[in-house]
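Examining the three-dimensional arrangement
Single-letter residue listing:
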Amino acid sequence: PPQRPGYVFLLDVSSHAVQSGFLKASCELLAETLSQLPGEDRTVGSIITYDSQIHYYNLKSTLTSAKMIVCPELVDGDSEELQVPLPEDLFVHLSDSHDVIVDLLQRLPTMFANSKNVETAFGPALSGALKLISRWGGKLVCFLSSTPSLGIGRLVSRDDKK
């Protein structure tokens with residue numbers, strides 16, 4: 001049989017993403033298109049959110065709502081030490097966990113509505129997603145609202161003399 005389609009969705013939850021409406025629009029788009037992804041009931045996926053921290057979600061279909069697993073703040077930006085928790089619980093069949101995933105996507109804009117966190121650790125989040133997806137293969141779908149500012153891959157403005 002062909003390889004099952006796999007997706008990891010990376011969502012920016014920094015204050016810029018929330019205040020600009022980018023997070024809400026991203027979540028609405030993703031919720032609408034989940035059932036249209038190829039592979040039908042074989043399709044698997046995971047959701048990771050990030051600001052200055054990386055947030056993984058246990059999306060098992062037996063749960064009433066997703067459970068957040070937070071990686072510690074990336075003070076030194078070392079994504080080599082980034083551990084992926086419970087990979088079997090993070091990478092789930094989208095058809096089985098559809099209700100849990102849609103519920104999470106509807107709640108994310110509210111969960112981070114009061115965030116004052118301006119940092120975006122996109123590089124470390126991407127590194128964690130690659131570690132997660134490396135077991136099965138698949139595609140990464142990244143939603144990024146501003147320049148990565150923390151950890152590996154961070155970009156500094158040319159005008160910023162730090």
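Before any of the text, the structure's been laid out above.
Note that this is a predicted model, so its numbers are computed, not measured. (Residues numbered from 1 in each chain as written. Predicted model: local features only at pLDDT ≥ 70, side-chain atom pairs only at ≥ 80, totals over all residues. Heavy atoms only, no water.)

Attention now moves to the pairing of strand S1 (residues 6-12). Counting buried residues in S1 gives seven out of seven residues, a clear majority hidden from the surface. Here S1 shows a buried face lined by Gly6, Val8, Leu10 and Asp12 and a second buried face lined by Tyr7, Phe9 and Leu11. Pairing of S1 with strand S2 (residues 44-50), which is carried by seven bridges, proceeds in the parallel orientation. Its bridge partner being in S2, Val8 is matched across the sheet by Ser46. Where S1 and strand S6 (residues 139-143) come together, five bridges link them in parallel fashion. Bridge assignment links Leu11 to a residue of S6, and that residue is Phe143. (Buried < 20%, exposed > 50% of the residue type's maximum accessible area, 1.4 Å probe, protein only. Helix = DSSP H or I, 4+ residues; strand = E, 2+ residues; numbered from the N terminus. Pairing = 2+ DSSP bridges.)

To continue, consider the pattern of salt bridges. Going through the model one piece at a time under the given rule, you end up with two salt bridges. For Lys24, the salt bridge identified is with Glu28, shortest N-O distance 3.6 Å. Of the two residues, Lys24 and Glu28 both sit in helix H2 (residues 22-33), four residues apart, roughly one turn of that helix. What makes Lys24 partly exposed here is its relative accessible area of 48%. (Salt bridge = Lys/Arg side-chain N within 4 Å of Asp/Glu carboxyl O.)

This brings us to helix H4 (residues 98-111). The end-to-end C-alpha distance of H4 is 19 Å, a good match for the 20 Å that 14 residues give at a rise of 1.5 Å each. Residues of H4 that are buried include every one of Val100, Ile101, Val102, Leu104, Leu105, Leu108 and Pro109, and no others. Summarising the contacts, the buried residues of H4 are in contact with S1, helix H1 (15-19), H2, S2, strand S3 (54-58) and strand S5 (92-93). (Expected span 1.5 Å × (residues − 1). Contact = heavy atoms within 4.5 Å.)

Right, let's get into the side chain of Asn117. Here Asn117 shows up in the loop between H4 and helix H5 (122-133). In this structure the side chain of Asn117 is engaged in a polar contact, spanning 3.2 Å, whose partner is the backbone nitrogen of Glu119. (Polar contact = N/O pair within 3.5 Å; in protein donor to acceptor, adjacent residues only side chain to side chain.)

Turning to H5, a few remarks are in order. Its twelve residues give H5 an end-to-end C-alpha distance of 16 Å, which sits within 8% of 16 Å, the value for a rise of 1.5 Å per residue. Of all the residues in H5, the buried ones are Phe122, Gly123, Pro124, Ala125, Ser127, Gly128, Ala129, Leu132 and Ile133.

In this section: a nonpolar patch on the surface. A cluster of nonpolar side chains, contributed by Met68, Val70 and Met111, occupies part of the molecular surface with about 230 Å² of accessible area. With respect to the helices and strands, the residue Met68 is situated in strand S4 (residues 67-70). Under the relative-accessibility criterion, Met68 is labelled partly exposed at 35%. (Patch = residues over 30% accessible without salt bridge, like charges linked within 9 Å, V, L, I, M, F, W, Y side chains within 5 Å. Areas by Shrake-Rupley, 256 points an atom, 1.4 Å probe, with all protein chains shown as cover.)

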